[in-house]
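A look at the structure
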Amino acid sequence: MLAATVGVSPLIVVFDLACLLGVIWTAVDMAKQPALSRRQKAMWLPCLIFSFLLIRLVGLVAAVFYFVAVRPKLLARSTR
């Protein structure tokens, strides 16, 4: 329902939720692993979460770059 009111594709919402659940599942499983030391967990868990957030940020940067740099050039070419 929220996806329809905001204008976001339901597939994107499902994909994002699947990615989030995958990261949470991995983080919980990694935290439970007795084979990993505290130091390894302290290193891997933040890296896992940061990489999840970074991928979305990279996508946002690419979208902003498109709208700021690429799209105006495309519009200028189409008006010629």
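Residues numbered from 1 in each chain as written. Predicted model: local features only at pLDDT ≥ 70, side-chain atom pairs only at ≥ 80, totals over all residues. Heavy atoms only, no water.

Another point: the overall build of the chain. Scanning the chain from terminus to terminus reveals 3 helices and 0 strands. Starting at the N terminus and ending at the C terminus, the chain contains elements arranged as α-α-α. In the chain, which comprises 80 residues, the proportion classed as buried is 10%. For the chain, the exposed area adds up to about 7,000 Å²; of that, 75% sits on carbon and sulfur atoms. (Helix = DSSP H or I, 4+ residues; strand = E, 2+ residues; numbered from the N terminus. Buried < 20%, exposed > 50% of the residue type's maximum accessible area, 1.4 Å probe, protein only. Areas by Shrake-Rupley, 256 points an atom, 1.4 Å probe, with all protein chains shown as cover.)

Within the largest apolar cluster, 6 residues are counted, these being V23, A27, M30, L45, L48 and F52. Of all the secondary structure elements, the ones that give two or more residues to this core are helix 2 (10-32) and helix 3 (38-79). Not counting chain neighbours up to four residues away, the residues in contact with V23 comprise L48 and F52. (Core = buried A, V, L, I, M, F, W, Y, C linked by side-chain atoms within 4.5 Å. Contact = heavy atoms within 4.5 Å.)

Moving on, we come to the confidence of the model for the chain. Mean pLDDT over the chain works out to 75, with 78% of the residues at or above the 70 mark. The spread of mean pLDDT over the elements of the chain runs between helix 1 (residues 2-6), the lowest at 58, and helix 2, the highest at 79. (pLDDT = per-residue confidence, 0-100.)

With respect to the helices and strands, the residue L20 is situated in helix 2. Residue classification places L20 among the partly exposed residues on the basis of a relative accessible area of 35%.

What follows concerns helix 2. Since one α-helical turn is 3.6 residues long, residues separated by three or four positions face the same way. Taking 1.5 Å per residue, 23 residues should reach 33 Å; helix 2 reaches 33 Å between its end C-alpha atoms and fits that length. Turning to helix 2, its buried residues number three or more, namely V23, A27 and M30. (Expected span 1.5 Å × (residues − 1).)

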